[in-house]
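# Working through the structure, step by step
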Amino acid sequence: MRNALRETLCKSITQTKSASQSGPSVISRKEQMAAFGSVFMPEMAMAQFDGNAWGPSAIVPANSISLHPGAHVLHYASTCFEGLKAFRHEDGTIAIFRMDKNIARMLQSSELLSLPKFEPALLSQMIVDAVRHFAADVPTPPGSMYIRPTHIGTEPAIGKAATPTLTSMLYVLLSPVGDYFAGGSRALRLLLEDNARCAPHMGMIKSGGNYASALQPTMQAKAKHQADQVLFCPHGDVQETGAANFLLIDGNEIITKALDASFLHGVTRDSILTLARDLGMTVSERDLTVDELLERAAKPGTEAALSGTAAVLAPVGTLIHRGTEFKVGSGEPGPTTARLRQALNDIQWGKAEDKHGWLTKI
Ligand SMILES: Cc1ncc(COP(=O)(O)O)c(C=O)c1O
């Protein structure tokens, strides 16, 4: 999959390059071969909070920031981020998908981490400014421009383990990406893990520490079980993986955990559930136990999928639980997953009506 991903990223960035000969950036051969999220536009939008007020946002070089080694973020992890995408439509316009929802989640993360507040309009302006600046570099579908707003506590204060940072920095990085599933989506293998991904009250915060805490179990699952991801199921409660939400599709019903503080409220999850309702499916947001999951997975038509900005909707074929492998339905990518994924991509790519007002055209 990695090679296929590289090829498509290479292809879509090459297309981008030729579409932007007059644009400000030059994408090298080495960058064309890079993996998801490792190619960056050379500039970003940035604004700083000085303890009293936010300064103006500006487009600045994206290769470095100046930070005191005692900065709050480096010691006490006062950091959160977002991930959203801008798409190039056939008529040449650029559309950002569900920007408002991502900004709302970033505000919530900032508040729960006691980072300085900001107006949603500040971040939306920064996102729009950055994407406009590199509009010529937004790849054609299935590629897109991945947008990474980031908020960090900058106050040099190592005595503030239990006190919020006074100052902070907000910046918006851009990274052109290819199709995560170039060459056809393969059904994923998930290891069901009894432990939680992170502390229960931190799950709905998109913060670096949560990813750090999921890293060891995920690496072990890969090494020991050739699993693609860990599905965290503390006390038998099916929650999410390290970077995506989990959906079970049983006939006309789609089942996923109801929103609570323990896991990330995915924008893709919300979008897929909305589209499923539009298609006449029954959406059940409720607790799902590992026992029920394995029982339903055994039925021939059952499907499971992971939803997230990067992967969109990725089919799950195998669940590994306490050393035993269980197929989900046929174990292969299923038709409902493909249909929902297509319905979402069609809106993102401007091929279907944006009935829910999810696109911000710039
Ligand atoms: C832990 C976790 N859960 C769920 C998601 C899916 O969220 P979204 O659909 O907003 O990308 C992500 C993706 O960023 C994630 O990191």
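If you're wondering where the values come from, they're calculated on a predicted model, not measured in any experiment. (Residues numbered from 1 in each chain as written. Predicted model: local features only at pLDDT ≥ 70, side-chain atom pairs only at ≥ 80, totals over all residues. Heavy atoms only, no water.)

### Concerning the packing of aromatic side chains
- As enumerated under the stated definition, the model contains five aromatic pairs in all.
- An angle of 85 degrees between the planes, with centres 6.2 Å apart, marks the rings of Trp54 and Phe118 as edge-to-face. You can see Trp54 sitting in the loop between β1 (43-49) and β2 (58-61) and its partner Phe118 sitting in the loop between α4 (99-112) and α5 (120-133), a full 64 residues away along the chain.
- Ring centres 5.7 Å apart and planes at 85 degrees place the aromatic pair Phe97 and Trp358 in the edge-to-face group. In this pair, Phe97 is assigned in strand β5 (residues 94-97) and Trp358 in the loop between α9 (335-348) and β17 (359-361), connecting sequence segments 261 residues apart. For the pair Phe97 and Trp358, one class covers both residues: buried.
- Here the aromatic cluster, defined as three or more aromatic residues joined through ring pairs, consists of Phe49, Trp54 and Phe118.
- Its end group placed over the ring of Tyr211, Arg197 keeps NZ or CZ at 4.7 Å from the ring centre. (Phe/Tyr/Trp six-rings, centres within 6.5 Å; stacked < 30°, edge-to-face > 60°. Helix = DSSP H or I, 4+ residues; strand = E, 2+ residues; numbered from the N terminus. Buried < 20%, exposed > 50% of the residue type's maximum accessible area, 1.4 Å probe, protein only. Lys NZ or Arg CZ within 6 Å of the ring centre and 35° of its normal.)

### Section: unusual backbone geometry
- Omega for the peptide link from Pro141 to Pro142 comes to 10 degrees, which places this bond in the cis form.
- As for its placement among the helices and strands, Pro142 is situated in the loop between α5 and β6 (144-153).
- Residue Ala77 is not a glycine yet carries a positive backbone phi of 55 degrees.
- We classify Ala77 as partly exposed; its relative accessible area is 36%.

### Concerning the site of the ligand
- Near the ligand, the surroundings consist of 17 residues, among which Lys206, Tyr211, Glu240, Thr268 and Thr309 are the closest.
- One of the side-chain nitrogen or oxygen atoms of Tyr211 is found 2.5 Å away from an oxygen atom of the ligand.
- Between an oxygen atom of the ligand and a side-chain N or O atom of Thr268, the distance comes to 2.6 Å.
- The fraction of the free accessible surface of the ligand (380 Å²) that becomes covered by protein chains is 96%.
- Class assignment of the residues belonging to the shell around the ligand gives a composition of five nonpolar, eight polar and four charged. (Near = heavy atom within 4 Å. Polar contact = N/O pair within 3.5 Å; in protein donor to acceptor, adjacent residues only side chain to side chain. Areas by Shrake-Rupley, 256 points an atom, 1.4 Å probe, with all protein chains shown as cover. Nonpolar A, V, L, I, M, F, W, Y, C, P; charged D, E, K, R; others polar.)

### Here we look at the confidence of the model for the protein chain
- Here the protein chain averages 91 in pLDDT, and 90% of its residues register 70 or above.
- Residue range residues 1-33 is modelled with pLDDT below 50. Its contacts to residues more than four positions away, or to other chains, number 55 contacts. (pLDDT = per-residue confidence, 0-100. Contact = heavy atoms within 4.5 Å.)

### Considering the pattern of salt bridges
- Summed over all chains, the structure comprises 17 salt bridges.
- Of the charged contacts in the structure, one is a salt bridge between Asp237 and Lys257, with a shortest N-O distance of 3.0 Å. Here Asp237, found in the loop between β9 (229-232) and β10 (240-241), pairs with Lys257, found in the loop between β12 (253-256) and α7 (267-278); they are 20 residues apart in sequence, far enough to count as distant. Each of the two residues, Asp237 as well as Lys257, counts as buried. (Salt bridge = Lys/Arg side-chain N within 4 Å of Asp/Glu carboxyl O.)

### Looking at the environment of Glu90
- Looking at where Glu90 falls in the secondary structure, it is placed in the loop between β4 (84-88) and β5.
- Remark: the alpha-carbon pair of Glu90 and Lys351, spanning 261 residues in sequence, is separated by 8.5 Å.

### A short note on α9
- The first and last C-alpha atoms of α9 sit 20 Å apart over 14 residues, in line with the 20 Å expected at 1.5 Å per residue.
- Those residues of α9 not exposed but buried are Thr336, Thr337, Leu340, Arg341, Leu344, Asn345, Asp346, Ile347 and Gln348. (Expected span 1.5 Å × (residues − 1).)

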